[in-house]
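Coordinate analysis (summary)
Residues per chain, in single letters:
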Amino acid sequence: MLGRWLRGMAWGLSSSAGSTRGGGGRLNKAPSWFAMAGDMRTAVANQAKRLKSSNEETEKPEENGHQDKRLKRCQEDMEDQNKKFPKRKIVLLMAYSGKGYHGMQRNVGSSQFKTIEDDLVSALIQSGCIPENHGEDMKKMSFQRCARTDKGVSAAGQIVSLKIWLIDNVLEKINNCLPSHIRILGLKRVTGGFSSKNKCDARTYFYMLPTFAFAHKDHDIQDETYRLSKETLEQVNKLLSCYKGTHNFHNFTSQKGPKDPSAKRYIMEMYCEEPFVRESMEFAVIKVKGQSFMMHQIRKMIGLVIAVVKGYAPESIMERSWGEKKVDVPKAPGLGLVLEKVHFEKYNKRFGSDGLHEPLEWAEEEEKITIFKEQHIYPTIINTEKEEQSMVNWLSTLSIHDFSATFSGVQANDRNSKSNDLEGSDDCDDDSD
């Protein structure tokens, strides 16, 4: 721009010099050449100042954005370096304490409710297993969870499938970026089309509760000094065994009607283990294995058994609850529900011995799972129960349920139950993602 302006000035001077001579050789009056040269020098200096000012303004935003560009460049350099590693479909064996989290499933774009997957994805990016944009769009890494645990629910054997760069010391690097109450306990290669949700044959959950929940409302002690008798344990297991087989569980969730085919679920086993004492309080663990579970189903299955054992409802309500009529089924607290294990029997039979893939079994990780439960899951359940008394508070609401209620009566009790459900919607939902 400055060059064009100078050339224009030179042409103007030449023209001015030519015009000083008129016709007949007579000189016309013209401005001094030296004066014009001085004006030109002043104009050139002013133009240089304007150009310098313009350049400084252009460079300022670049300086402000330098740090962002440098961070982005570091991320890109790490991604370029990791591209040297193979990108493979794998599964991760996860254990986590769900207290303080709004469930397992990530809600991209919402930071209001923190989830387990928020911390997991952040660790995968920081450790260099996935590029940053895969965290923003999880479909890019073919991410699938085996079970969607809800608010406050823990897991000792959750499985997620995804594609990552198989970097050196991958488990150690991921765990270094995770809080201590979330651990990756194992990793295995799987087939390219594997989905942890769709290939899962069954899930096993356990529910840990203080045994005074089974104390009879009329003649048993209703506090921490209660100890479960052999006879009561047998009664509990007799009722739990009634759930085995295929039943219509529409009364055990708010999502299904009696005519909905998907309300029928297959329960493989359900039983209560021998009780044990922790911190002067006796606890017991109920285990249930099924193909899949609906929202609130496990908590309501346990809640109904407690209502029968305590003497609030007759045993006949068990079979009646599988009929088409609406039955008032109480929902036990969310505290104590844990995803223990997921099963891939069909996948293992087809691919587990093909010489290319490992069976999805975790015998070598059992010790790690046990240690994690002892350090993070059991103490959280015990301490929270002692501090918040969620079971005690819930037991006090059983008397308001009408176990022979009409449909309208059930609706009223449901509303009352929701107002007393301090834990919120704490359960599993394997049927929809």
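Details of the structure are given in the entry above.
What counts, and where the lines are drawn
Going along each chain's sequence as written, the residues are numbered from 1 onward. Residues qualify for local features only when their pLDDT is at least 70, as the model is predicted, and side-chain atom pairs are given and counted only at 80 or more; totals for whole chains, interfaces and linings, by contrast, use all residues. Hydrogens and water are ignored here; the side-chain numbers use all heavy atoms of the structure. Salt bridge, as used here, is a side-chain nitrogen of Lys or Arg placed within 4 Å of a carboxyl oxygen of Asp or Glu. Secondary structure elements follow DSSP: runs of H or I no shorter than four residues count as helices, runs of E no shorter than two count as strands, and numbering proceeds from the N terminus. Accessibility here uses a 1.4 Å probe with only protein chains present; expressed as a share of the type maximum, an area under 20% marks a residue as buried, one over 50% as exposed, and anything in between as partly exposed. For this analysis, residues touch if any pair of their heavy atoms sits within 4.5 Å. For the purposes of this section, nonpolar cores are sets of buried Ala, Val, Leu, Ile, Met, Phe, Trp, Tyr and Cys residues that join through side-chain atoms within 4.5 Å. Should DSSP find at least two bridges between two strands, the strands are regarded as paired.

**Details of the pattern of salt bridges**
- Under the criterion given, the structure shown has 12 salt bridges.
- With a closest N to O distance of 3.6 Å, lysine 114 and aspartate 119 form a salt bridge.
- Note that arginine 145 and glutamate 117 form a salt bridge whose closest N and O atoms lie 2.5 Å from each other. Pair noted here: arginine 145 is in strand 2 (residues 144-145) and glutamate 117 is in helix 4 (residues 116-126), with a separation of 28 residues, a long-range link.
- The exposure class of arginine 145 is buried, given its relative accessible area of 8%.
- Among the residues examined, glutamate 117 registers a relative accessible area of 0% and is labelled buried.
- Three or more residues joined by partner-sharing salt bridges are found here, namely Glu273, Lys287, Glu340 and Lys373.

**Brief notes about the environment of cysteine 129**
- You can see cysteine 129 is positioned in the loop between helix 4 and helix 5 (132-136).
- Along the primary structure cysteine 129 and tryptophan 165 are separated by 36 residues, whereas in three dimensions their C-alpha atoms are 4.9 Å apart.
- Apart from the residues lying within four places of it in its own chain, the contact partners of cysteine 129 are Leu124, Ile164, Trp165, Ile167, Val170 and Ile174.

**Description of the nonpolar core**
- One finds Met94, Leu162, Tyr243, Ile286, Ile306 and Phe344 to be the most contacted residues of the largest nonpolar core, which totals 105 residues.
- The biggest single contributor to this core is helix 8 (residues 297-309), with nine residues.
- Here phenylalanine 344 is in contact with Cys146, Ile159, Phe194, Ser196, Lys199, Cys200, Asp201 and Leu360, once residues within four sequence places are set aside.

**Some details on the environment of valine 338**
- Secondary-structure assignment places valine 338 in strand 11 (residues 337-343).
- Remark: the alpha-carbon pair of valine 338 and tyrosine 205, spanning 133 residues in sequence, is separated by 5.6 Å.
- Contacts of valine 338, omitting those with residues within four sequence positions, involve Ser154, Ala155, Ala156, Thr204, Tyr205, Phe206, Ile377 and Ile381.

**Thoughts on the pairing of strand 6 (residues 202-210)**
- The element strand 6 is extensively covered by neighbouring structure, given that nine of its nine residues are classed as buried.
- Neither face of strand 6 is left uncovered, since the one carrying Ala202, Thr204, Phe206, Met208 and Pro210 and the one carrying Arg203, Tyr205, Tyr207 and Leu209 both have all their residues buried.
- Of the pairings in the sheet, the one linking strand 6 to strand 10 (residues 281-290) comprises eight bridges and is antiparallel in character. Paired with tyrosine 207 across the two strands is isoleucine 286, which belongs to strand 10.

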